[in-house]
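# A structural walkthrough
One-letter residues, chain by chain:
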Amino acid sequence: MTKQRLDDLAVFGGTPAFAAHERLTVGVPNIGDRDRLFQRLTMALDKRWLSNNGALVQDFEERVADTSAVRHCVAMCNATVALQVGIKALGMTGEVIVPSFTFSATAHAVGWLGLTPVFCDVDPVTHLLDPAHAESLITPRTSGIIGVHVWGQPCSDELTEVARRNGLKLLFDGAHSFGCLEEGRSFAGRGDATVFSFHATKVVNAFEGGALVTDDAALARRVRAIQNFGLVAEDTVNWVGTNAKMSEASAAMGLTSLDAMPEIFAHNRDIYRAYRAGLAHVPGIRMLDYDPSANNCQYVVIEVDEDAAGFGPDLLRTVLRAEGVTCRRYFSPACHAMTPYNTGASLPQTDAVTRRVLQLPTGMVVTRADVARVCGLIQLAAALGNDITERYEATTATALI
Ligand SMILES: Cc1ncc(COP(=O)(O)O)c(C=O)c1O
């Protein structure tokens, strides 16, 4: 049934557009070839080599380094701990400049080590760290910058310049940018190092996983030691280390996911283009515009301009969820507004972006037909505009009486 009126919307009592078995959610894992996964797991079990730099982890590291066009890769248990290991190995101290518009893990990695994250504003169009603002935040205590390649887009060269000019370490949080390109080439070799996430919801996953890649051999050696209890030889500990190792089971999944990468990227790009076409002329809705052929397209990000649309992203999320489409509001709230970091920093662009963002489902489980239906729902919401807000407010007010 094509929905046309307010009453047709599931949030107001209509039948959900997606039945229980068809529901869509942001971040459903891509699985890959199960037989290959089980073969690899069997291999690890047969060898009785389950962790501690096994053959699967070594293979995974080599393939991640190749894909990223860098010399060294150290696979780890997740990106959050890989960021901590990177910060430690780079010798950052005191204050570290980070965007506030990022997943909390970026700030936590700094705070967890007893350093102070100093929150920087972002560009309102790309959502990437603003290099000029970053430079204005530098103090004598600043030791480094963590740039986030948010939504798989590269941080600007100007940020690298700011770090170089001021003698600061530069670590990139590339949790979103595995396999992404700029002018046809990987940008993972920028700065001192880049950290990837291979969490279950990422475009390539290792159940849980992360990696640090770098062209700096000495840094790679330090990282390898620190993530393995500080060991540099069998009985020699030279660093205060931690246990951040990737297991063979995770590497088995990571390799299987890498095998499927061309297919996953092609599918995500097709889905991204379908959303672009479906949302091109919807009033109040702007889809984040990047070149899909250079991006892994693991995030479909829209901005909802409440004044133009007549409703905000929270209400659109509620409307879509009732229809069987679970969206996310990354990254709202931004880090500087979270309890542990509530510094009162003034970040007007970050605040404006967090008021608008919403992510739509993508990945291997989402079809073009699904996208057409989701876009149809958003188009209907836009046509109804402020009526949705008024009806929703009246409904919730009645529910409170
Ligand atoms: C920007 C960013 N940094 C870091 C992380 C943390 O990654 P992990 O779950 O592998 O620790 C995420 C996770 O989504 C992220 O989005």
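Note that the coordinates shown come from a computational prediction; the quantities given were computed from them, not determined experimentally.

A separate point is the overall build of the protein chain. What the protein chain contains, in helices and strands, is 14 helices and 16 strands. In summary, the protein chain has a C-alpha radius of gyration of 22 Å against a globular reference of 21 Å for 401 residues, a match within 12%. Oriented by its inertia axes, the alpha-carbon framework of the protein chain measures out at about 70 × 55 × 45 Å. Residue burial in the protein chain is summarised as follows: out of 401 residues, 53% are buried. Summed over its atoms, the accessible surface of the protein chain is roughly 17300 Å², and 52% of this surface lies on carbon and sulfur atoms. Each charge sign in the protein chain was given a centre, from 35 positive and 44 negative side chains, and these centres are 3 Å apart.

Another aspect to go through is the sheet that holds strand 13 (residues 285-287). One open sheet holds the three strands; their spatial order is 13-14-16, and the pairing between them is antiparallel. Whereas interior strands pair on both sides, the edge strands pair on one side only; in this sheet they are strand 13 and strand 16 (357-360). For this sheet the average axis-to-axis angle between neighbouring strands, irrespective of direction, equals 30°. As paired elements, strand 13 and strand 14 (residues 300-304) share three bridges and run antiparallel to each other. Bridge pairing in strand 14 places Met287 opposite Ile302. Docked against the sheet, helix 9 (residues 261-279) engages strand 13, strand 14 and strand 16, running at close to 155° with respect to strand 13. Docked against the sheet, helix 11 (residues 313-322) engages strand 13, strand 14 and strand 16, running at close to 25° with respect to strand 16.

Checked against the element boundaries, Leu83 lands in helix 3 (residues 79-89). Ignoring any residue separated from it by four or fewer positions in sequence, one finds Leu83 in contact with Ala105, Thr106, Ala109, Leu171, Asp173 and Val195.

A few words on the UniProt feature "modified residue: N6-(pyridoxal phosphate)lysine" (unreviewed entry) in the protein chain. Feature annotation in UniProt assigns "modified residue: N6-(pyridoxal phosphate)lysine" (unreviewed entry) to the following positions: Lys202. Mapped onto the secondary structure, Lys202 falls in the loop between strand 9 (193-197) and strand 10 (210-214). With relative accessibility at 12%, the residue Lys202 sits in the buried group.

A few words now on the domain arrangement of the protein chain. One can read the domain layout of the protein chain as domain 1 (6-29 + 261-400) and domain 2 (34-259). Just the C-alpha atoms count here: the centres of domain 1 and domain 2 sit 29 Å apart. Across the contact, 33 residues belong to domain 1 and 37 residues belong to domain 2. Carbon and sulfur atoms supply 65% of the area buried between domain 1 and domain 2, which totals about 3000 Å² over both sides. On the domain 1 side of the contact with domain 2, Met261, Phe331 and Tyr341 bury the most area, a combined 24% of that side's loss.

Conventions and cut-offs
Residues numbered from 1 in each chain as written. Predicted model: local features only at pLDDT ≥ 70, side-chain atom pairs only at ≥ 80, totals over all residues. Heavy atoms only, no water. Helix = DSSP H or I, 4+ residues; strand = E, 2+ residues; numbered from the N terminus. Rg over C-alpha atoms; globule rule 2.2 N^0.38 Å. Buried < 20%, exposed > 50% of the residue type's maximum accessible area, 1.4 Å probe, protein only. Areas by Shrake-Rupley, 256 points an atom, 1.4 Å probe, with all protein chains shown as cover. Lys, Arg positive; Asp, Glu negative; His and termini not counted. Charge placed at Lys NZ, Arg CZ, Asp CG, Glu CD. Pairing = 2+ DSSP bridges. Axes fitted to C-alpha atoms, helices over the stretch in contact; angles between N-to-C directions. Contact = heavy atoms within 4.5 Å. UniProt positions renumbered as here; feature names shortened; annotations may be inferred. Domains from an automatic or database assignment. Buried area = accessible area lost by both parts, 1.4 Å probe.

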